[in-house]
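A closer look at the structure
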Amino acid sequence: MLIKEAKNNIGTQATVSGWVYNLRSSGSIMFLQLRDGSGFMQVIVAKNSVPSEVWQEAERITIETSVHITGKVTAHPKQAGVYELQVAEIKIVSVAAEFPIGKKEHGPDFLLDMRHLWLRAPSQWAIMRVRNTIINATYVYLNNHNFIKIDAPILTPTSCEDTTELFEIDYFGDRKAYLTQSGQLYIEAAIFAHGRVFDFGPVFRAEKSKTRRHLTEFWMMDAEAAFVKHEGNMQIQEGLIEFIVQEVLAHNRYELEILERDVKPLEKIKAPFYHLTHESAVKKLRALGSDIKPDADLGGDDETMLTKEFDKPLFVEKYPAAVKAFYMKRDPADSTRVLGSDLLAPEGYGEIIGGSEREDDYETLLKRLEEYHLPRAPFEWYLDLRRYGSVPHSGFGYGLERITGWICGTHHVRETIPFPRMINRLEP
Ligand code: 4AD
Ligand code: MG
């Protein structure tokens, strides 16, 4: 039996295979907290009602010992929805050595050093399961909206975003390669074959940022669609995020409870989301006390301040072109701004998606490469996309860990990826 199926097995004899993550004993009765991957349940061993060999076996159990336990499934006498196992038999698989993560409070550095073991903690278990739902929901939503998955390469000869954030590697001694920052440019090529595509994979940023929002390796989903303009691009993002949150609410109530995540703000995440131009966002921020300059990008603190004012995600549109990437199409109404948006999650979380309409004119794109001091040769193939049947098109990229962090209510993104990579952390 899987623990999550306990409610359908009340009164029957069942065997659960898993790990004892906590235990206490009063001398004649023992309470074991059992985890099997699907959930958690309490196991009760009563000295008087089991053979002495079973009691002796129970006494060998330490925290994180792996076991097969057989017993009768019962409903908790007081707590609704909680099920227990009344032990008849115990088979130890492996007695665990003293587990380094105890009941006392540990600092984040210790826990991150122990990440391979910390993943077993109920809070970390819950975060990974929400993350899994977000991944699945993304595939379902995009496939249902005619996007197909196209994988982008991880090793690239050029940069997609800011060149200061590139991880450089030696490519067979005679040239340099870079770890991708986003698959966007490559999936743009695939829209000419498939119309709507997305990628989903690890991306890398050699960013020196030491903030609660930054990892050096994280998972990005880039989506790209032909014949979609700036407005339509935001509608796709809105639909996707609404669906993801609804799926988490439908499948992960138990996990959100473990995380003590207030679900009321999540229940409000329904289209339409809010929109502000960058210009109005700056005005609002200045009124709130920020010293942001009119032509500046929003800093992390600005995003926190701004999104505390909103109960749903907020699109900040039309950023100054100078703070955004070369491929973004300019606003015909104001050529100093781009037809792009960042989607900021509420409750202080900030940016979860960056997207834009793409420059689809050959000559203009060529000019942009020059303006951004980017070499032409490695972008020749990207220019080809504007030579052979160019169409208006748009796309966006989301950060999986940022979305998971927001939905789980986790302060730092390092807990939302199994093995975080940050400036000061490459282990375990
Ligand atoms: O805004 P970004 O840099 O956009 C792009 O890379 C575009 N090429 C995407 C596209 O249009 N297809 O990154 C996209 C998202 C951000 O909104 C954020 O959620 C996440 O990726 N992100 C990070 N997450 C964790 N750590 C970092 N260092 C991140 N940098 C960006
Ligand atoms: Mg961005």
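Quick look at the structure, then.

**As for the site of ligand 1**
- Near ligand 1 lie 22 residues; those nearest to it are E161, Q184, D222, E351 and I352.
- R213 is positioned with one of its backbone polar atoms (N or O) 3.4 Å from a nitrogen atom of ligand 1.
- In this structure, G397 approaches ligand 1 through a main-chain N or O atom, which is 3.5 Å from a nitrogen atom.
- Protein burial of ligand 1: of its 630 Å² of free accessible surface, 94% is covered by the chains.
- Only β11 (217-226), β17 (350-357) and β18 (393-399) provide two or more residues apiece to the shell around ligand 1.
- With 4 residues, β17 is the single largest residue contributor to the shell around ligand 1.
- Residues belonging to the shell around ligand 1 are distributed by class as follows: 8 nonpolar, 6 polar and 8 charged.

**Regarding the pairing of strand β1 (residues 13-25)**
- The pairing of β1 with strand β4 (residues 66-75) spans 7 bridges and is antiparallel. Note on β4: the bridge partner recorded for V16 is I69.
- Where β1 and strand β2 (residues 29-35) come together, 6 bridges link them in antiparallel fashion. Across the sheet, the residue bridging to R24 is F31, located in β2.
- Two successive antiparallel strands, β1 and β2, enclose a turn made up of 3 residues, where G27 displays a positive phi of approximately 100 degrees.

**Considering a nonpolar patch on the surface**
- Residues L155, I169, Y171 and F172 make up a contiguous nonpolar surface patch of about 400 Å² in total accessible area.
- Here L155 lies in strand β7 (residues 155-156).
- Using a relative accessible area of 43% as the deciding quantity, one classes L155 as partly exposed.

**Quick notes on the pattern of salt bridges**
- For the coordinates displayed, the defined rule picks out 27 salt bridges.
- Between E255 and R129 there is a salt bridge, with the nearest N and O atoms lying 3.7 Å from each other. Remark: R129 occurs in helix α4 (residues 122-144) and E255 occurs in helix α7 (residues 253-258); sequence separation between them is 126 residues.
- Given a relative accessible area of 7%, E255 falls into the buried group.
- R129 sits in the partly exposed class, given a relative accessible area of 30%.
- For R261, the salt bridge identified is with E347, shortest N-O distance 2.7 Å. You can see R261 sitting in the loop between α7 and α8 (264-267) and its partner E347 sitting in the loop between β16 (340-345) and β17, a full 86 residues away along the chain.

**Topic: the environment of E165**
- One can find E165 in the loop between β7 and β8 (168-171).
- Between the C-alpha atom of E165 and that of S52, which follows or precedes it by 113 residues, the distance is 63 Å.
- The residues contacting E165, other than those within four sequence positions of it, are Q181, F204, R205, A206 and E207.

**Some words on the packing of helix α6 (residues 230-251) against helix α13 (residues 400-408)**
- In the contact formed by α6 and α13, the axes pass within 12 Å of each other and the chain directions differ by 50 degrees. With respect to α13, the element α6 is oriented oblique. As for the relative orientation of α6 and α13, their crossing is right-handed in sense. In this structure, α6 contributes I241, I244, V245 and V248 to the contact, and α13 contributes I403, W406 and I407.
- Of the residues in the contact of α6 with α13, the class split is 7 nonpolar, no polar and no charged.

**Section: the nonpolar core**
- Counting residues in each nonpolar core, the largest one holds 44 residues, and the members touching the most others are I134, M221, I241, Y398, W406 and I407.
- Those elements giving two or more residues to this core turn out to be α4, β10 (196-204), β11, α6, β16, β17, β18 and α13.
- Ranked by residues supplied to this core, first place goes to α4 with 9 residues.
- Ranked by size, the runner-up nonpolar core spans 29 residues in total, among them L285, A321, L344 and Y362.

Thresholds, definitions, all that
Residues numbered from 1 in each chain as written. Chains lettered and ligands numbered in written order. Predicted model: local features only at pLDDT ≥ 70, side-chain atom pairs only at ≥ 80, totals over all residues. Heavy atoms only, no water. Near = heavy atom within 4 Å. Polar contact = N/O pair within 3.5 Å; in protein donor to acceptor, adjacent residues only side chain to side chain. Areas by Shrake-Rupley, 256 points an atom, 1.4 Å probe, with all protein chains shown as cover. Helix = DSSP H or I, 4+ residues; strand = E, 2+ residues; numbered from the N terminus. Nonpolar A, V, L, I, M, F, W, Y, C, P; charged D, E, K, R; others polar. Pairing = 2+ DSSP bridges. Patch = residues over 30% accessible without salt bridge, like charges linked within 9 Å, V, L, I, M, F, W, Y side chains within 5 Å. Salt bridge = Lys/Arg side-chain N within 4 Å of Asp/Glu carboxyl O. Buried < 20%, exposed > 50% of the residue type's maximum accessible area, 1.4 Å probe, protein only. Contact = heavy atoms within 4.5 Å. Axes fitted to C-alpha atoms, helices over the stretch in contact; angles between N-to-C directions. Parallel < 35°, antiparallel > 145°, perpendicular 65-115°, else oblique. Left-handed = near helix turned anticlockwise from the far one by under 90°. Core = buried A, V, L, I, M, F, W, Y, C linked by side-chain atoms within 4.5 Å.

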